[in-house]
Structures are given as C-alpha cells and as structure tokens.
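Examination of the molecular architecture
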Amino acid sequence: MFTSHCFSMFLFLLVLCSSSRMSNALNDALKKQQSDMLSLGAVVDYTSLAGKKEKVAMDMAVKDIYDHANHRNFPSLHVENSRGDPFRAASSVKTLIEKQHAKAIIGFGTWQEAVFVAQLGNESKVPILSLANEVPQWASCHWPFLVNAARSQNAQMKAVAAIIQSWKWRKVNIIYEDMNPAVTGISPEIIAAIQEVDAEINDLLPLSLFPPYHSLSKKLEHLKNGTCRAFIVHTSITLATNIFMEANSIGMMDKDYVWITTNAITSQIDSLNASIISSMQGVLGVKSYFSTTPKSYKDFHFRFRVMFHLQYPGEPVPEPGTSAVQAYDAARAAAIALMEKPNLKSCKNLTDDVACMHEMNGQQLLGKILQSNFEGLTGAFNFKEGKLAPIHIFRIVNVVGKSYRELGFWSEGLGFSESIHKASKYNRSMSILGQVFWPGGPWSVPKGWGVPINAKPLKIGVPVATTFSEFVNVRYDRPGEKPIVNGFSIAVFEAALEFLPYHLPYEFIPFNGTYDSLVQQVYVKTFDAVVGDTAIIANRSEYAEFTQPYSDSGLQMLIYFNPKRVERAWLFKKPFTTSMWVFTGVINVYNGFVVWLIERNHNPDFRGNIWNQIGTMLTLAFTTLFSLQGEKLHSNLSRMTMVVWLFVALVITQSFTASLTSLLTVQQLDQTTINIETLKKSGAKVGCDANSFVGKYLEVVLGFQPNNIRRIGSGDYYPQALKSGEIAAAFIEAPYVKVFLAKYCEGFITSGPAFKVGGFGFAFPRSSPYLPDISEAVLKLSESGKLRQLEDFLTSSYKCLESNSDDNLDSLGLNSFWGLFVITGGMSTIALLGFIFHYVRERWYRPLGQAQAQQHHAPSVDELWMFAPEMENQ
C-alpha cells in the first residue's frame, strides 16, 4: 500500500515538473531529424487497451534502440489507428507504405487484421510483423512477407485441458469469438487438447465482438439450461467483460459452475474495473509466462507504467501484459534490422550509413528480420523455420476480491508446480497449488454438472430376451405403459451411479435381439449405452468400450450327477468276487477246525456235546480275524497256524477296505470325469444360452460340431434337459452358475476347468466421457462391499429343499450298510428265538406235577436272565 502511494506521488511530481518540457523538446528533436530518419509503421487499435499498450511498448523499443545506437539516425515510428476494423487496418497499411515510406509495419493483434494486410505486404515487398497469436502454418508459404512476431500460445490449450482433467470434468462448453467463421472458426488446438484428456466438448458457442444484448442473454440461457456447467472462454477482453456481466446477472456464477479464461483475457484482468471483476469471482485463468530475468522485466515494467501515464493521462495504468511485451520485442527486431548496414556493392562507396540503409530492399530487410538473435523480454528472440519458439509455461491465476492471485504454474510435459525453479516439484493434479476460490463458495470443488431444466436423458438399451431373468427382467404392468426394468445388473448400475460426482439422467429402452446386435446399437448411436448382463468379448469391443467388469469372469461346464443308490445298499460285497467270499469263508472254517482239533484236549472249553464243539470251532475261526488269542492256545502247532492265518486275514481285511474305498470314490467320479474331449468324441449334445456368444465360442474355440450345440432360451429349462439326457452338459457363464446352483442344488455340479472369458460390463461409445467415471464407480462399489451384498441378495432368495441330502451325498449312511445290519440282526434274532424256544420247552414241559403247580405262573424277565447261564452250559 505504501509502495503504491509512493509510486503515485512520483508520477504526479514527474508529470507536473517535466511532462510538458520533455514532450516539447522531444517533438522538436523528432521534427528536426524527420527527413533523415528511416520509417517504421505500426497499426494498432486505439479503442482497446491492448492497442494502447502495444503503442507504448513500440515507442519504448524504438527509443531504447536510439539510446544504444552508435549514430544519431534511428527509425521513426508512425502509428495508425485501425479501431479494430480489418478494412481500416488495410487502409492504414496502404497509407504507411505510400505516404510514410514505411520499410516494415508492426501490429495486427488479430488474425482477421493480419490476413487483410498480408497481400499488401507481398505486393509492396514490405515485411508485415503480426502480433496475432493464432497464425495458420500455411500463412508464411502463401504470404512470404508476413512474419509471425508473436510466440505461439497454443500450449495454453493443453494447460486448460490439464485443469479440466485434474478436477475430472468430463464435458465442457467453449465460448469463442468468431468475427469471420469462414476464415477462422474454433481453434483446432483446443479441440485436440480436450480430447487428449478424455473429455468431451458439449457445446460450441461462437460470438461476435458486439452481439446484441438479447442475443447474448439468450445464448447464455441456452447453455444454462443444459447439464454441462464447465465453460472455457476464449475471446477478447472486450467480449469477455460482456459475457461475465451477463452470466453473473442470470445466476451462472453460482455453485457447481466452472469458468476458465485463456491468456487474451487473463493477461488484462488487472485493467478491468471493480464491477466487472466482481462478476468474475472464482474464475480460473491461464496467463503466459516469459522466462526473462527479473531485473530486465522489472525495469521494463516500471518504465512502461511511466510512459503509459504520460501518453494516456487520466486513464488507469495497467500491467504491460503479453501483448505489450511481444510488441516491444517485435519493434526492437524491426528497428535493429533496419539500422543494420547491408552488405551491398552499392554501399562500398557510400560513407553515410543512412544512405546505405535506403539501398536495402524489402527482401533483404525481411531476411535480416528473420535472422534476428537477441534476448528479448519474452526470451530468446530468434526465428526457426520462420517461427519464434512457442510459450511452454503458463501461470494459473484465480480471480478473488478486487484482482486475482497467482496459484502457481503449468509447464508443458511436466504439469503443475508452485514455482519454476530447478528444485520445483511437479504434479499432474492441480491440487498441489492449494485451495482454489470457486464460484459460489471457496471450499467445495464444482461438479461441472447440474440438473438441467429440459435435459435429455441418456438412452440406455437393455436386453429383453434374457436367459436368466434374475439379471435383467423387463415387464409391463399394462400394454403401452413405461417398462419396468429390474434385476441384478440393473441394481449394480443404479448403485454405481450413486458414486458419480454429478447427476446423470437416463432412461431404459428395451431391445429385443441378440447381445451382439444390442452392443452394435451403441456404435450406430441408437443408444447412448447398454446396461445388462453383457459379456465383455473382443468382437463387441469393436463397436463399444466396456466399463470395469462387475461380475466374475469365466465359462463353466455344468453336468447332472445321478448317484445309484440301489447298488449302494450291497456295495460292501463288491470288493470281493463271489468265489473269493466263499473261499474266504471255507478257509476260515478250515483254520478254525484245525485249531479246535489240536486244542480240544488241552482246553476244556473245546469239549462238550457236538453242537457246543461246532459253535466253539466256528467262533474260534472268525475271532482270529480280529485277535491273536495266543494266550489261550497251548500247542505250538495251533499257534503257528493262528499266526499265519492272522497275517493272511490282515492282508485280506486291508485289501477289502481299500477296494471298498475305491468303489465309493469311483462311483462319484463316474459322472465328474466328463470333459470336453469325451463329449466331442461321443458326439453328445451340449447346451448354451440362445442369445449369447457361448454358442459361437463352443463351435470356434472348443471345436464342437454345430449340430451338437443346443441353444436354450430359458435358464429354467436346463434342469429338465440335463436330467432327461437331452444334453450331456451345459456351458454357462460363471455368474449364471451361481444362481443356477442356488436354485437347483441336487445332482448338478460343475466339471472341468473354467474357460477364460470376460465378465459382465456396461457398454458405452468409444471415448465416452462417462466411461472412466462409471468404471471408477464400479470399483468403488466393489470396495465398499455393496456389490457383494447385491450378489448375496441375488442367491439368498432361493431355498433349495434338497440341500440337506446334498450335504450328506458323499458320506456313508445307513443306506450303504443296511444289508450287513439285516444279516447280523437276523442272526441275532434267530439266536433269540432259539433261546426262547429252548427255554419254553424246558420250562413248560417238565414233570406234570411241577407244571401244574406253575401252570398259572408266566416267566418274568428276571427269570429269563437267571436261566441264561444254565442254557449256555448245555
């Protein structure tokens, strides 16, 4: 504040004390030397601030050349006012060439002005130094005397695109100034830059310099009614002030709006009045940065402000800006070239340098200008292939309060940084520059989107002919009404939209056809997207791009497993053949007989009646299968026989166990060993979904014959087809398999490996701005656990009644051994009946007297048990 007051005081004293005297002396000196001077011309727009700044800068350049010249003669500068009219600019050039004998002419800040005067320069052999930033590459070939003395700022479009990418705005509106659309139109650089960051140009709004008020208001209202809230303003400062004043008045500078200005506007914000700046709060701007030494630019900056105040007293003193700095360098280059003594034969006999300079023609002067090589305010001033080095560094500014603040820099190829020193840290994200003051509030980042008044929703195609309606189901409550679309895929899409940073209106449109033809509708722009159980495969990617998959990927083979329970009841006898069972029993009895015979004289248990001895022998024969009983044997011969038999019995029992285990396993593997090769060799029929890619995959990739492929239109038909043997296997995508097994859980299993194919995804047009956002939303949906919840809900509604029996399908239950239980139970029952029969005979048919005494007495349970030992001894 103190510095500003001191500077103002300095200017005031300087003006009062020396303004008049210096001006008169300078004018007298100029008039005195006028006839001896070389002439330079300039055409600027006095009605614009940029034109005034260019004139001051060119005056300073010519004066600086004179101050450093070795002789008294220096070029004079004649300036004409174009008033922003290309036709008037051409007339001014003609005047400068014919009346002022200008050797070179500088100015023409717009391409429209430059193109009108370029032909005059060609015809008169007078170099035209244009200060327009956007000069086509073909211009120098068509008009050799047209020199582009301004550095290309096309890289600023990449800086603008980097800002858009940093904050993930997917669509932008571009407002540009178009005085002659047939010649210029929108800059192709900005379109290319926007596309490189995967953004989309929502609308292009060309405006003339002075549009009618109602026309500007109407066009801005049209943009306001759309969904896109991000705007790039690429116009002159004059038109930009009208745009922002009107935008502010209709509420387009509120929350969620984004405004970005290019250098032509940003470099002159400091010259705007307070009312205009107040309507631009939150605007982001890109401003050219010149790599000059701080000392040289600081000196120029101070002297420029003094000279501007002297030439335009009463007007606010602006910053020099890009246009003034480039005008200074261009005028300096022309003056140096004009003052340089040419290497001509005609100059050898001339002692006057000025006379020699007059001998130089336009072609020679053009060559010297293109050979310029000095350190200018914009950096090294030298032409390569007729062009100056372009600007690669830009300042990023943010309009706040009464002016703007510099957030940092953007460097081409490096990104954003807080400074441009060697040790500076660069980042692709603008967040490294700190907090930005946004329109409508400083803290929340604008979404760049809004709910439009009359927005057209996205037309999203959904499949109607689905095999599994659990994923997509289209129905109508009444004919002619809006369809009701639901299912797992629809639920995933709607849940993903909740993670988007903007509102996305849409409507579902049913499509009755194959999935391939549905995806092709995106390519022909019938639909804006496809949502459903659409598999991601290569041939569909030719017509659309897919989001991140939201389901498991893979193709699985499903078969029907039918266990043979009838044979399982007597499965225990299958490990041995009938002859083996018979011979085992015979040898067992034989060994028992041998041991009994040897031991009967030593063991009183082996004696008794014949039946008792037979029972002991048989018991001995079978107990040797489980114990040695060596402590009860007295003969070494019987012990030897028992040891050998026990060894053989051990081998037999282990073999029996292994064989039975193998039979149980093989019974299950009989069905699961079905594979691709066995199916193809046997010519078995296989099933797949009717409208999916699987049929083609089975034919082309897996090698099935087309006539062996059965296309099934409903998922509920698979169980019937598999059970009846109509198809031997079904090839179903992994997400469908989960639902199928949840519904039909008995007898159906997957077999073989899963074949790698893409999962389900949502299809969008190529380079769609929504694609990365939806993919990111799907990832967030998965990471949040909500996708898993949707998957669980998809299968939890099915309660398979046979699930308990399926759990025990692989276990050995009662049905596997009931035959053995019948045998042992039957033998025990026979023994019990025999015991009761013997008891009744002994008890009920005793001598008559004892029987009569007890004829009314029935045996009790205790009496039966008391009688048991007696029976055992008999």
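Use the structure listed above.
An account of the accompanying structure is given in this report. (Residues numbered from 1 in each chain as written. Predicted model: local features only at pLDDT ≥ 70, side-chain atom pairs only at ≥ 80, totals over all residues. Heavy atoms only, no water.)

Moving on: helix H9 (residues 237–249). Its 13 residues place the ends of H9 18 Å apart at the C-alpha level, agreeing with the 18 Å of an ideal helix rising 1.5 Å per residue. Those residues of H9 that sit buried are Ile237, Leu239, Ala240, Thr241, Ile243, Phe244, Glu246 and Ala247. One or two residues past the end of H9 sits Gly251, with phi positive at roughly 80°. (Helix = DSSP H or I, 4+ residues; strand = E, 2+ residues; numbered from the N terminus. Expected span 1.5 Å × (residues − 1). Buried < 20%, exposed > 50% of the residue type's maximum accessible area, 1.4 Å probe, protein only.)

Across the 10 residues of helix H25 (residues 734–743), seven count as buried, placing the element largely inside the fold. Among the residues of H25, Ala734, Pro735, Tyr736, Val737, Val739, Phe740 and Ala742 are the ones counted as buried.

A few words now on the sheet that holds strand E9 (residues 258–261). Read from one edge to the other, the open sheet built from eight strands follows the order E7-E6-E8-E9-E10-E15-E16-E17, with strand pairing classed as mixed. Looking at which strands have only one partner, the edges of the open sheet turn out to be strand E7 (200–207) and strand E17 (415–417). Each strand axis lies, on average, 25° off the axis of its neighbour in the sheet, ignoring direction. Of the strand pairs in this sheet, strand E10 (residues 284–288) and strand E15 (residues 393–400) are connected by five bridges, and their pairing is antiparallel. Bridging from a neighbouring strand, Leu284 pairs with Asn398 of E15. Running over the sheet, helix H7 (residues 188–196) touches strand E6 (171–177), E7 and strand E8 (230–234) and is turned about 160° from E7. Strands in contact with H9 are E6, E7, E8 and E9; relative to E9, the strand with the most contacts, it is inclined by about 170°. (Pairing = 2+ DSSP bridges. Axes fitted to C-alpha atoms, helices over the stretch in contact; angles between N-to-C directions. Contact = heavy atoms within 4.5 Å.)

It is worth spelling out the pairing of E15 at this point. By the criterion of burial, E15 is predominantly enclosed, with six of the eight residues buried. Hairpin remark: E15 followed by strand E16 (residues 403–411), antiparallel, with two residues in the connecting loop; positive phi at Gly401, about 65°.

With that out of the way, let us pick up the environment of Glu196. If you trace the backbone, Glu196 turns up in helix H7. In sequence terms Glu196 and Gln165 are 31 residues apart; their C-alpha atoms lie 9.5 Å from each other.

Right, let's talk about the pattern of salt bridges for a bit. Overall, the coordinates contain 18 salt bridges when judged by the stated rule. Linking Lys55 and Asp59 is a salt bridge whose minimum nitrogen-to-oxygen distance equals 2.9 Å. Taken as a pair, Lys55 and Asp59 lie in helix H2 (residues 49–67) at a separation of four residues, close to a single helical turn. For the residue pair Lys55 and Asp59, the accessibility class agrees, reading buried in each case. One salt bridge in this structure joins Lys780 and Glu776, with 3.4 Å as the shortest N-O distance. Residue Lys780 and its partner Glu776 are located together in helix H26 (residues 771–783), separated by four residues, close to a single helical turn. (Salt bridge = Lys/Arg side-chain N within 4 Å of Asp/Glu carboxyl O.)

Purely geometric numbers; function is a separate question.
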